[in-house]
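Observations on the model geometry
Residues per chain are reported as follows:
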Amino acid sequence: MAIIVEGYILVPAARVPEIRAALPAHIAATLNEAGCLHFDVTEDISQQGRFNVSETFINQQAFEQHKSRIQTSDWGHISDGIPRHYHIKEDP
């Protein structure tokens, strides 16, 4: 079953520039993961500091590998402590 993640992160104003700068590499690395079907993070134009997240992984194992990779990645360090508001569901 595919794992679908939808939601957003709320980035404090002082950290928005570093998040913007780190996003392209994070998106590219995630899209290169074997189990990633879709990955998109876009800055919300109506709410400052909100970045909308949409992810799909082929299965739970691929999603767990993604989360594991992030923990030691540059993105993991740069985005540490930023509140995440995600809904995760399985899609048969």
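Everything that follows concerns the structure shown earlier in this document.
Every value quoted in this text rests on a predicted model; they were computed, and no experiment measured them.

**Things to note about the side chain of Glu-55**
By secondary structure assignment, the location of Glu-55 is in strand 3 (residues 50-57). For the buried Glu-55, no salt bridge is present, and the opposite-charge side chain at shortest range is Arg-84, 7.6 Å distant. Residues in contact with Glu-55, not counting those within four places in the same chain, are Ile-3, Ile-4, Val-5, His-38, Phe-39, Phe-63 and His-66.

**Focus: the sheet that holds strand 2 (residues 36-43)**
The strand order 2-3-1-4 describes an open sheet built from four strands, whose pairing is antiparallel. Of all the strands in the sheet, the pair left with one neighbour each is strand 2 and strand 4 (84-91). Each strand axis lies, on average, 10° off the axis of its neighbour in the sheet, ignoring direction. Of the strand pairs in this sheet, strand 1 (residues 2-10) and strand 4 are connected by eight bridges, and their pairing is antiparallel. The partner of Gly-7 across the bridge, within strand 4, is Tyr-86. In the packing of helix 1 (residues 16-31) onto the sheet, contacts are made with strand 2 and strand 3, and the angle to strand 2 comes to roughly 165°. With respect to the sheet, helix 2 (residues 60-71) is in contact with strand 1, strand 2, strand 3 and strand 4, its orientation differing from that of strand 3 by roughly 135°.

The rules behind the values
- Residues numbered from 1 in each chain as written.
- Predicted model: local features only at pLDDT ≥ 70, side-chain atom pairs only at ≥ 80, totals over all residues.
- Heavy atoms only, no water.
- Helix = DSSP H or I, 4+ residues; strand = E, 2+ residues; numbered from the N terminus.
- Buried < 20%, exposed > 50% of the residue type's maximum accessible area, 1.4 Å probe, protein only.
- Lys, Arg positive; Asp, Glu negative; His and termini not counted.
- Salt bridge = Lys/Arg side-chain N within 4 Å of Asp/Glu carboxyl O.
- Contact = heavy atoms within 4.5 Å.
- Pairing = 2+ DSSP bridges.
- Axes fitted to C-alpha atoms, helices over the stretch in contact; angles between N-to-C directions.

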